[in-house]
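# Overview (structure and organization)
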Amino acid sequence: MSSIIGLEDLLAACRSGGASCLTSVTELAPAAGSHASVAPAKFAVRNSDVGTYAYETRFDGGVAADAVVIDSKQSQNNRCEQGLVAAIVDGHDVLSRLPRVAVSYRVGDRVVELSDLELPHRVFDGHIRAATISGAPLTQDERYRRVRDAHPGDAFALLQTSPASLVFGSWDSSRATRQGRWRSVLVGEIVGFCSGRPEPEGPEPKGPELKGGARIDPLGMRIELTGPALKELADRQRSELSRGTYDKIVKSAGAAKGEQRVKASPVGLGGIPPTLEALAGVACSKIVRSHVLSFAALRQVRFGKGAEGDAACRALLAALALAALARSDGELVLRANCDLVESGPTAVVLHGRGGTQTQLSALSVEEADALLAAALTRAEQEAGVSWNGVVLAVDGDPAILAGAVEDEAGGN
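What this report covers is the structure whose coordinates are included nearby. (Residues numbered from 1 in each chain as written. Predicted model: local features only at pLDDT ≥ 70, side-chain atom pairs only at ≥ 80, totals over all residues. Heavy atoms only, no water.)

## A short note on empty space enclosed by the protein
Summed over all chains, the structure comprises 1 cavity of 30 Å³ or more. Volume-wise, the largest cavity comes out at about 50 Å³. Forming the walls of the largest cavity are Gln76, Arg79, Ile190, Arg289, Ser328, Asp329, Glu331, Leu332, Val333 and Leu334. Elements with a minimum of two residues in the lining of the largest cavity: α2 (73-89) and α10 (306-330). Per-class residue counts for the lining of the largest cavity are 4 nonpolar, 2 polar and 4 charged. (1 Å grid on protein atoms, 1.4 Å probe; cavity = no way out; pocket = protein on both sides within 12 Å on 5 of 7 lines; lining within 4 Å. Points joined across faces, edges and corners; volume = space filled by probe spheres on them. Helix = DSSP H or I, 4+ residues; strand = E, 2+ residues; numbered from the N terminus. Nonpolar A, V, L, I, M, F, W, Y, C, P; charged D, E, K, R; others polar.)

## What to know about the pattern of salt bridges
If you walk through the whole model with that rule in mind, you get 20 salt bridges. Residue Glu81 pairs with Arg122 through a salt bridge whose shortest N-O separation is 2.8 Å. Here the residue Glu81 occupies a position in helix α2, and Arg122 occupies one in the loop between β5 (110-115) and α3 (126-129), the gap between them amounting to 41 residues. One exposure class covers both Glu81 and Arg122, and it is buried. (Salt bridge = Lys/Arg side-chain N within 4 Å of Asp/Glu carboxyl O. Buried < 20%, exposed > 50% of the residue type's maximum accessible area, 1.4 Å probe, protein only.)

## Quick notes on the pairing of strand β17 (residues 347-351)
Bridge count between strand β1 (residues 21-30) and β17: 5 bridges; the pairing is antiparallel. The partner of Val25 across the bridge, within β17, is Ala347. One ladder, built from 4 bridges, connects β17 with strand β18 (residues 357-360); its direction is antiparallel. Note that in β18 the partner of Val348 across the bridge is Leu360. In sequence, β17 turns back onto β18 through a hairpin of 5 residues, with Gly354 there showing a positive phi of about 65°. (Pairing = 2+ DSSP bridges.)

Structure follows, in structure tokens:
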């Protein structure tokens, strides 16, 4: 019976000459059965309202095969972070101590707070860089400047302020010099092996398969209004409509002259006959979820605490990644029409030097949390790490809030 990874294993992997990485691989299957298709991640295409899927060539059992990306690396890391956020909201005794930078916006009579676990560029996100603290630009705050000046030779300020930026990656891309570039030490994806990959080029290009859709209005398949009536209807709902939808309705209403009537479908009235306009799902012979936690990448980062202190800091980051991964793997929620189940146990392997491998059992959330607590205690003792929750609470720029526009819903 395989054992689970422990703190001493993490510390050994985080010292010079330690293991290369830990991999976690799980075969998944459509919840409805092998006959069902799944909805992969959808990506926008220039000059197209349909979008597309990301197809690649991968090896399955040593044979090159078509594969579709069901969930990307960025999305998988976001799901890991969402698991940490949920634990913090629930008051988890260890994860509530996770250092974070949080930016707040006042929206009416409520406050919206976004942390570096939710913002795409984490501690270097534009929302944080543009924020103020006690009325002064955050970029002039000495604590934040230490974070921006952190480098692989000494990343202790980042560890103490935004460890998520070290685990999931971050890039201070707008800075003129000394840009912080931190690769993610945890990466993952879900891919499905499939056939029938569309061929966008060639003598007879083959586009993606489409599925039908329809809408039934019990009052009538066609509901038509005069231009003024449609405009008045849109004006009454204007505060609830997106800008794009409102503009589309006004344009349609303006095209109707006199008593001429136009379809009221832009405001959700009337039916839509069955049409093939949306991307169909993809049938997959095999679906694989995989993650890699790179100890080699972690070992490139130092914290100015000596060999054992630095190893303790790296082990803490590795334990945080595993706590996030246990939560992400425990919630197989992707998107509509993409319900998956695990078709077997997760294969966890610690990859040492010279091709050596140690088979391990997957961590439960409780086991991962115990490992994180032990790693935090060791880092406190060896490196003086101090985690006490939100480190910097900053105020968002009201101009950014005023400029936020909710785009038309679409994609995933």
